[in-house]
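Breakdown of the fold
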Amino acid sequence: MKVIAINGSPRKKWNTATLLGKALEGAAAQGAETELVHLYDLDYKGCVSCFACKTRGGKSYGTCGFTDGLTPVLNRIIEADALIIGSPIYFGSVTGETRSFLERLLFPYLTYTLPYASIAPKQIATGFIYTMNVTDEQSTTYGYEHLFNSHARYLQLIFGQQPETLCSFDTCQVSDYSKVLIESFDPVHKAKRREEVFPQDCQQAYDLGARLAGKGQ
């Protein structure tokens, strides 16, 4: 059993990466082999709209025909049993690297048929972990739920299972607020959230990883 986690954050040791690490710990506790991929370490592009993945009789039909630093990761994902994607929310969406990754991951398996369908060679259990500076209430006001539902809908369409979603709200941006200009947030409140609430998010991530590993068996 193999579980792969994708870190769409530029930071390797902060909120998103920490939660993904906990998720992989949960998967490993179920006997899974785990891997964490940092997208910002890779040299790659989003979909280049070459349509090689949809060319009838083409050698790349059903797979991404563009080769770059993301190609080996895409190959390993489709061989895995579960996939966990993590990203912070920047300007109301996932990071650009995460978006580019999703384009390359999902589009080759999506058929332009009536209705849309998937030609992915296997079902994969999936999960999405989001981190954000805003509160739960603010995320609703800003319409983030549409983003979460859209990702879940496409992951289920392509990989055949209802994805799990975990949101970590009101996260602490930096370890020392005195060194940066961030007047929009209360550093005392943020420190308290990181001490009291973030460990709960970590436990939820651990449990998520364990459940996904169970689904992948």
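What counts as what
Residues numbered from 1 in each chain as written. Predicted model: local features only at pLDDT ≥ 70, side-chain atom pairs only at ≥ 80, totals over all residues. Heavy atoms only, no water. Helix = DSSP H or I, 4+ residues; strand = E, 2+ residues; numbered from the N terminus. Rg over C-alpha atoms; globule rule 2.2 N^0.38 Å. Buried < 20%, exposed > 50% of the residue type's maximum accessible area, 1.4 Å probe, protein only. Areas by Shrake-Rupley, 256 points an atom, 1.4 Å probe, with all protein chains shown as cover. Lys, Arg positive; Asp, Glu negative; His and termini not counted. Charge placed at Lys NZ, Arg CZ, Asp CG, Glu CD. Axes fitted to C-alpha atoms, helices over the stretch in contact; angles between N-to-C directions. Parallel < 35°, antiparallel > 145°, perpendicular 65-115°, else oblique. Left-handed = near helix turned anticlockwise from the far one by under 90°. Contact = heavy atoms within 4.5 Å. Nonpolar A, V, L, I, M, F, W, Y, C, P; charged D, E, K, R; others polar.

- Where an unreviewed UniProt entry is consulted, the protein appears under the name Flavodoxin family protein, with the organism given as Oryzomonas japonica.

So, the overall build of the protein
- When helices and strands are counted, the protein shows seven helices and eight strands.
- For the protein, whose C-alpha radius of gyration is 18 Å, the value lies close to the compact-globule estimate of 17 Å for 217 residues.
- Referenced to the eigenvectors of the C-alpha coordinate spread, the extents of the protein come out at roughly 60 × 35 × 30 Å.
- Classification of the 217 residues of the protein by burial places 48% in the buried group.
- By element, 51% of the accessible surface of the protein is carried by carbon and sulfur atoms, the whole surface being about 11100 Å².
- Averaged over its 21 positive side-chain charges, the protein has a centre that lies 7 Å from the centre of its 22 negative ones.

Observations concerning the packing of helix H3 (residues 96-106) against helix H5 (residues 144-159)
- At a minimum axis separation of 11 Å, H3 and H5 run at an interaxial angle of 25°. On the basis of their axis angle, the class for H3 and H5 is roughly parallel. Regarding H3 and H5, the two cross each other, and that crossing is left-handed. Contact residues: H3 offers Leu102, Leu105 and Leu106, while H5 offers His151, Tyr154, Leu155, Ile158 and Phe159.
- By residue class, the composition of the contact of H3 with H5 is seven nonpolar, one polar and no charged.

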